[in-house]
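Structural characterization, general
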Number of protein chains: 2
Amino acid sequence: MRRVVEFKKKARVLLIDDNYEHLAGIREIISLEGQFDVVATSTNANVGVSLVKKHHPDVVLMDINMPEKDGLQAIQEIEKLDLGVRIVALSGYDDADLIFRAMKLGAKGYVLKTMASAQLIYAIEEVVSGKIYLPPALSSRFFEYFQRSFKEEEANISNEENLLTYLTQREEEVLDLLTQGITYKGVAGKLFISETTVKTHVNNIFQKLQVNDRTQAVLYAINNGFTNKRRALMTTV
Amino acid sequence: MRRVVEFKKKARVLLIDDNYEHLAGIREIISLEGQFDVVATSTNANVGVSLVKKHHPDVVLMDINMPEKDGLQAIQEIEKLDLGVRIVALSGYDDADLIFRAMKLGAKGYVLKTMASAQLIYAIEEVVSGKIYLPPALSSRFFEYFQRSFKEEEANISNEENLLTYLTQREEEVLDLLTQGITYKGVAGKLFISETTVKTHVNNIFQKLQVNDRTQAVLYAINNGFTNKRRALMTTV
DNA sequence: CATTTCATAGACCATGTGGTCTACATCATT
DNA sequence: AATGATGTAGACCACATGGTCTATGAAATG
């Protein structure tokens, strides 16, 4: 068994925080631990993104409460670079929406500034090792927000009465084709029925959905859970 | 300070698991602890849902790997009752997709059958106290799945080339109105321009989006990130 | 200053779309 | 046997929509 002598190279960290005091403090904390290299720092999000391009750090600690440029936007830009840079969001607030958005944009961790320095170090370690790390308290908030947003979506879809339920099977088939942007003639061809029959069905659909034209029918269908490809991707039970 | 003597009423638990051995085992575990009441059990999802209606338990432990009726579907049905019943999903697999779907449907916890009984008890305690609980390992899987699904969505939206970027601002305004199912005349009215101008814009839009009619244009817009109300709700950065 | 892009708008025409009515065959329900 | 819902289909008509061309003024770009 080979002896691996303290030689795994240190993870390279880049700090972005508009508050210089914080920046210095964090740098101090990280330096003291000695297990990471701080390759660069910036008090400006735009500059920070440039530095990321230049240095290709392993991890970026990103303050997301910055006045000028939004830290969230910076996260998005860095993710778009697709350099495999892992981002830990730093924030003063445990706002569920902020956490949700940061994670959605690809942040691999979210740490509150009020947390103990050990927690920050731990989060970085976890993220460096490829994991996603949220402190348990934030984890809870995230899940709550997650569930709430889905519940709201469902409420929107099946609220009051879904007029789609009044459609006959045949009418659903027709509507399905309409939501693919197909003409009467096209639908008639696909369903092996005459064009006038399609028109009859379509008119009945309009009646039932209380709309005046195909575009509105298609919109109603999509907004009310009529499964079309991409919604299916995200919303599949 | 009042002395609260061991008198908070026990949380009422209902078990659903098609495997009778498991069911008995879990019941045993819970009973031994003595802090929860098992009010009913069932080896069948449909019956289980009925029992939930009858007993209004505080917590339901739901096996989601059942052959006949899907446990996920049962979760959905129970959630739809809106009785405030909290569901903990039980599963043999730490499949990220399963976890994601269970949580999306409103499960407040997810526990693997292979986990120590103490973990199950702890999960129930947390859930009873109003929290959401996922074991750290599952939490990680959940987050990975979450991020991956969003990344895929983004990839779908901005893959190759988003033809929407070629639209001029005015054309975007027109398209925006089209995605609300408005006619030429209506658009003209809203934008204070003539109907023929609208037609010109619309035709240019068709050219740029490489489609033949308004329905297809609207579909393209929606499927490619053109913000319309409900997408905004879910996808807002 | 020339050129390009953009927003505006008219003319003309073919065709797609929507509204309304009537009609008939099936099938299930009463 | 009668009724109602469903799927089919034709006729007719008004108008919305889409395709193509031309044209002008403003603004930006070179």
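Treat the numbers as computed from the prediction; the structure is a model and nothing was measured. (Residues numbered from 1 in each chain as written. Chains lettered and ligands numbered in written order. Predicted model: local features only at pLDDT ≥ 70, side-chain atom pairs only at ≥ 80, totals over all residues. Heavy atoms only, no water.)

**Some points on the overall build of chain A**
How we decide: Helix and strand assignments follow DSSP, with helices taken as H or I runs no shorter than four residues and strands as E runs no shorter than two, numbered in order from the N terminus. Using a 1.4 Å probe on the protein chains alone, a residue whose accessible area is under 20% of its type maximum counts as buried, one over 50% counts as exposed, and one in between counts as partly exposed. Only heavy atoms matter for contacts: two residues are in contact if any of them lie within 4.5 Å across the pair. Calculation of accessible area relied on Shrake-Rupley with a 1.4 Å probe; when residues are assessed, cover is drawn exclusively from the protein chains displayed.
Of regular secondary structure, chain A possesses 11 helices and 5 strands. Looking at the 237 residues of chain A, the share that counts as buried comes to 47%. Within chain A, contacts between residues separated by at least 24 positions form 64% of all contacts whose residues are at least 6 apart in sequence. Accessible area for chain A stands at about 12,200 Å²; split by element, carbon and sulfur atoms hold 51% of it.

**A few points about the relation of the copies chain A and chain B**
Note the following rule: Only residues with pLDDT of at least 70 in both copies contribute their C-alpha atoms to the least-squares superposition of the copies.
Expressed as a screw transformation, the operator carrying chain A onto chain B has a rotation angle of 180° and an axial translation of 0.1 Å, and the superposed copies differ by an RMSD of 0.2 Å. The transformation just described matches what one would write down for a two-fold rotation axis. Considering only C-alpha atoms, the residue of chain A closest to the rotation axis is A:Thr215, which sits at 2.7 Å. Take the interface residues of chain A: 98% of them recur as interface residues in chain B, which is what a same-surface contact looks like.

**Considerations on the domain arrangement of chain A**
What counts, and what does not: Note that the domain bounds were set by an automatic or database domain assignment.
On domain assignment, one finds that chain A holds domain 1 (11-138) and domain 2 (160-236). Using only C-alpha atoms to locate each centre, domain 1 of chain A and domain 2 of chain A end up separated by 47 Å.

**A short note on the protein's contact with DNA strand C**
For clarity, the cut-off: A single heavy atom is enough: if one lies within 4 Å of a molecule or strand, its residue is considered near that molecule or strand. We call two N or O atoms a polar contact when they sit within 3.5 Å, provided that within protein one can donate a hydrogen and the other can accept it, with sequence-adjacent residues counted only if both atoms are side-chain atoms. Three residue categories are used. Nonpolar comprises Ala, Val, Leu, Ile, Met, Phe, Trp, Tyr, Cys and Pro, charged comprises Asp, Glu, Lys and Arg, and polar comprises the others, including Gly.
By nearness alone, 18 residues border DNA strand C, and A:Lys199, A:Arg214, B:Thr168, B:Arg170 and B:Ser194 come closest of all. The protein-proximal atoms of DNA strand C, defined as those within 4 Å of the protein, are 67% sugar or phosphate. Measuring from a phosphate oxygen of DNA strand C, one finds a side-chain N or O atom of A:Asn203 at 3.1 Å. Between DNA strand C and the protein, one listed contact pairs a phosphate oxygen with a side-chain N or O atom of B:His201 at 2.9 Å. Breaking the surface near DNA strand C down by element, the ones donating at least two residues are α8 (184-191) and α9 (195-209) of chain A together with α9 (195-209) of chain B. Per-element tally for the surface near DNA strand C: the top contributor is α9(B), with 5 residues. Across the surface near DNA strand C, the residue classes tally to 3 nonpolar, 9 polar and 6 charged.

**Observations concerning the protein's contact with DNA strand D**
Residues in contact with DNA strand D amount to 18 residues; listed here are only the nearest, A:Thr168, A:Arg170, A:Ser194, B:Tyr184 and B:Lys199. The sugar-phosphate portion of DNA strand D accounts for 65% of its atoms within 4 Å of the protein, the bases making up the rest. Within the backbone of B:Asn212, a nitrogen or oxygen atom sits 3.4 Å from a sugar or linking oxygen of DNA strand D. Between DNA strand D and B:Arg214 there is a distance of 2.9 Å, counted from a phosphate oxygen to a backbone nitrogen or oxygen. If you list the elements that add at least two residues to the surface near DNA strand D, you get α9 of chain A together with α8 (184-191) and α9 of chain B. The dominant element in the surface near DNA strand D, judged by the number of residues it contributes, is α9(A), at 5 residues.

**Quick notes on the packing of helix α7 (residues 169-178) of chain B against α8(B)**
All names here are of chain B. The condition that has to hold: Axis angles are defined between N-to-C directions and span 0 to 180 degrees, where every axis is a line fitted to C-alpha atoms and, for a helix, only to the segment in contact. Under this scheme an angle from 65 to 115 degrees is roughly perpendicular, one under 35 degrees roughly parallel, and one over 145 degrees roughly antiparallel; angles in between are oblique. The handedness criterion is simple: a crossing whose near helix is rotated anticlockwise from the far helix by less than a right angle is left-handed, and one whose near helix is rotated clockwise is right-handed.
Across the interface, α7 lies against α8 with an axial gap of 10 Å and an inter-helix angle of 130°. One element, α7, and the other, α8, form an angle in the oblique class. Between α7 and α8 lies a crossing of right-handed hand. Across the interface between the two elements, Arg170, Glu173, Val174, Leu177 and Leu178 of α7 pack against Val187, Lys190 and Leu191 of α8.

**Things to note about unusual backbone geometry**
The phi dihedral of B:Asp82 is positive, around 60°, even though this residue is not glycine. As for its position among the elements, B:Asp82 is in the loop between α3 (71-81) and β4 (86-91).

**A closer look at the side chain of A:His201**
All names here are of chain A. Here His201 is to be found in helix α9. By relative accessible area, His201 is classed as buried at 17%. Among residues more than four places away in sequence, those in contact with His201 are Arg170, Glu171, Val174 and Ile193.

**Observations concerning the pattern of salt bridges**
To keep it simple, the criterion reads: Throughout this description, the term salt bridge denotes a Lys or Arg side-chain nitrogen within 4 Å of a carboxyl oxygen of Asp or Glu.
Tallied over the entire structure, the rule returns 15 salt bridges over all chains. A salt bridge links A:Lys113 to A:Asp17; its shortest N-O distance comes to 3.4 Å. In this pair, A:Lys113 is assigned in the loop between β5 (109-112) and α5 (117-128) and A:Asp17 in the loop between β1 (11-16) and α1 (20-33), connecting sequence segments 96 residues apart. Here A:Lys113 falls in the partly exposed class, since its relative accessible area comes to 30%. Residue class for A:Asp17 comes out buried when judged on its relative accessible area of 1%. Ionic pairing is found between B:Asp97 and B:Arg101, a salt bridge with its closest N-O pair at 3.1 Å. Of this pair, B:Asp97 and B:Arg101 both sit in helix α4 (residues 96-104), 4 residues apart, which is roughly one turn of the helix. Given a relative accessible area of 24%, B:Asp97 falls into the partly exposed group. Salt bridges sharing common partners tie together A:Asp17, A:Asp63 and A:Lys113.

**Details of the interface of chain A and chain B**
Spelled out, the test is: Here's the idea: put two parts together, see how much 1.4 Å probe accessible area each one loses, and the total over both is what we call buried area.
At the interface, 47 residues of chain A touch 46 residues of chain B. Here chain A packs against chain B, burying approximately 4,100 Å² in sum over the two surfaces, 58% of which is carbon and sulfur. Summed over the shared surface of chain A and chain B, the result is 1 salt bridge. Of the charged contacts in the structure, one is a salt bridge between B:Asp82 and A:Lys151, with a shortest N-O distance of 4.0 Å.

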